[in-house]
Amino acid sequence: MSSVNSGPVLAAAIAPIVGNNGFPFAAATNAEASALPSGFPSELRSKLAWTGADFADESKYILHLTDTDLTEVKQAIAEYKSLDQDGYLVEPNTFQLPTLGSKLRALGQDVHFGKGFGVIRGLDRAAFSVEDLTLAYMGLQSYIAEQRGRQDKRGNMLVHIVADNSTKQAAEHHRHSNKSITFHNEEAGDIVSWLTRSTAATGGKCIIASAYTIYNVLAATRPELIRTLARSDWPFSMPRFQCRPVIFYEDSKLIMNFGRAALLGNQAHPRPQHLPSLTARQVEALDAIEAIAKASQMEIQTQAGDIHFINNLAVLHRREGFVNGEDASTKRHLVRMRLRSTEHGWPIPKELTQEWDEAFKNKGIKHWHLEPMPAYYFPLRRQPN
């Protein structure tokens, strides 16, 4: 959908999506079915409503670092190391970027209030040690959102997403699998960011889709599924059992938060038999989300050294399957963080605040592992990320 300030021309924008063979859902045919939940708009007019076709020009979403920018980054690394502080304390005041800083703040505004995603490109992985590359990542990231969240009960702050077939359990976990995964949100974090340390030999693209576009298509064609998604009877099994909605509309903002594994289970996370199952209408709603997301998705061919940022409240993401090569440079390795901005953070629905508080507010141990750790340090969880 168009991201112009006047908002999308809805009928023209959704026609290619509804006409796509991957969207087999007929429009509602009666007045009762066409009613949206109370307070939910008939259309979201927002820059967050887009399709992949809107970004054929990569300059619309990639910040290419110039030679001057890279010089500033290297100088900031050297100056920060002279302070003799722990790396996780890095922030704009101690990682000063005189000209690049304003570009990063603009990117942060765009991720929070514009299209909801962006990529920093130009860091040469080979030009940095692992320690310096991680410091660069966190220093640049601090201009987008300064709060960093725990990502599991072990307190891991840097999650390493790498293929691992050492055990059947590891190979089936989506963090360590090389299989494709469906669209989802992370369970906490306004912003999800990852540094690509290396890419796979083939495959492994980052694929994203707009929750706002999904909403607009459903509101125009299947509004009864909007009602289903907004009901508070979805039985999430992870990270804890909770019945809550999949979508929220508060403060003139749509928030979508779900993962199919938490609702349907999968090989790595079988759904406990004593928990309620989804209704046929709920499964249909999930399938509609996936179909619209695929019909409107955007694919980003990631390069080593890239830093991605996505608005986890308004943008879904998934991964295509991949095949690693033999040498380290052709084995996919991402380092993920969950972020929140004190200044720009969105209000979080009460049903999600426990996960946000556990990530960003509650006191607890924090681990900053620069490399993937063995199971006794970094165990596989019983729930998805």
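Predicted model only: the values in this text are computed from it and were never measured. (Residues numbered from 1 in each chain as written. Predicted model: local features only at pLDDT ≥ 70, side-chain atom pairs only at ≥ 80, totals over all residues. Heavy atoms only, no water.)

Enquirer: I'd like a description of the overall build of the chain, backed by residues and values.
Expert: Along the backbone of the chain there are ten helices and 17 strands. By the burial criterion, 56% of the 385 residues in the chain qualify as buried. Long-range pairs, those at least 24 residues apart, make up 83% of the contacts in the chain between residues at least 6 apart in sequence. With the model as given, the accessible surface of the chain reaches about 16,600 Å², and the carbon-plus-sulfur share is 50%. (Helix = DSSP H or I, 4+ residues; strand = E, 2+ residues; numbered from the N terminus. Buried < 20%, exposed > 50% of the residue type's maximum accessible area, 1.4 Å probe, protein only. Contact = heavy atoms within 4.5 Å. Areas by Shrake-Rupley, 256 points an atom, 1.4 Å probe, with all protein chains shown as cover.)

Enquirer: Give me unusual backbone geometry: which residues, what numbers.
Expert: Omega for the peptide link from Met238 to Pro239 comes to 0°, which places this bond in the cis form. If you trace the backbone, Pro239 turns up in the loop between β9 (234-236) and β10 (242-244). A positive phi angle is found at Asp251, which is not glycine, with a value near 55°. With respect to the element layout, Asp251 can be found in the loop between β11 (247-250) and β12 (253-256). Accessibility expressed as a relative area gives 51% for Asp251, which makes it exposed. Notably, Ser252 is not glycine yet its phi reads approximately 60°, a positive angle. By the secondary structure assignment, Ser252 is in the loop between β11 and β12.

Enquirer: Pulling in residues and values, what's your account of the pattern of salt bridges?
Expert: Within the structure shown, the criterion is met by 22 salt bridges. Arg260 is paired through a salt bridge with Asp287; the nearest N and O atoms lie 3.1 Å apart. Of this pair, Arg260 sits in helix α8 (residues 260-264) while Asp287 sits in helix α9 (residues 280-296), and the two are 27 residues apart along the sequence. In this structure, a network of salt bridges that share partners links the residues Glu186, Glu187, Arg336 and Arg338. (Salt bridge = Lys/Arg side-chain N within 4 Å of Asp/Glu carboxyl O.)

Enquirer: Residues and numbers for the environment of Ala295, please.
Expert: Within the fold, Ala295 resides in helix α9. The exposure class assigned to Ala295 is partly exposed, which follows from its relative accessible area of 24%. Along the backbone, Ala295 and Ala209 are 86 residues apart, and their C-alpha atoms lie at a distance of 9.0 Å.

Enquirer: Let's hear about the sheet that holds strand β13 (residues 298-300): which residues, and what values?
Expert: Strand order in the open sheet made by the four strands is β5-β15-β8-β13, with antiparallel pairing throughout. Edge positions in the open sheet fall to β5 (181-184) and β13, since each of these has one partner strand only. Mean inter-strand twist for the sheet, computed between neighbouring axes without regard to direction, equals 20°. One ladder, built from five bridges, connects strand β8 (residues 206-210) with strand β15 (residues 315-319); its direction is antiparallel. In the sheet register, Ala209 faces β15, and the bridge partner there is Leu316. (Pairing = 2+ DSSP bridges. Axes fitted to C-alpha atoms, helices over the stretch in contact; angles between N-to-C directions.)

Enquirer: Please set out the environment of Arg105 residue by residue, giving values where relevant.
Expert: In this structure, Arg105 sits in helix α3 (residues 100-113). Separated by 38 residues in the primary sequence, Arg105 and Tyr143 have C-alpha atoms spaced 5.8 Å apart. With near-sequence residues (within four places) excluded, Arg105 lies in contact with Pro92 and Tyr143.

Enquirer: Can you break down the packing of aromatic side chains residue by residue, with the values?
Expert: Inspection of every chain in the model, using the stated rule, returns eight aromatic pairs. Judged by centre distance (5.8 Å) and plane angle (40°), the ring pair of Phe40 and Tyr249 falls under tilted. One end of the pair, Phe40, is in the loop between α1 (10-18) and β1 (62-64); the other, Tyr249, is in strand β11, with 209 residues separating them in the sequence. Seen from their ring centres, Trp50 and Phe55 are 5.7 Å apart, and the 80° between their planes marks the pair as edge-to-face. A connected cluster of aromatic rings, assembled from ring pairs, spans Trp50, Phe55, Tyr61 and Phe117. (Phe/Tyr/Trp six-rings, centres within 6.5 Å; stacked < 30°, edge-to-face > 60°.)

Enquirer: Account for the environment of Glu371, with residues named and values stated.
Expert: Among the secondary structure elements, Glu371 is positioned in the segment after α10 (353-360). Placed 211 residues apart in sequence, Glu371 and His160 show a C-alpha to C-alpha distance of 7.1 Å. Residues contacting Glu371, with those up to four places away along its chain left out, are Val130, His160, Arg197 and His333. Within the structure, Glu371 has its side chain in polar contact with the side chain of Arg197 (distance 2.8 Å). (Polar contact = N/O pair within 3.5 Å; in protein donor to acceptor, adjacent residues only side chain to side chain.)

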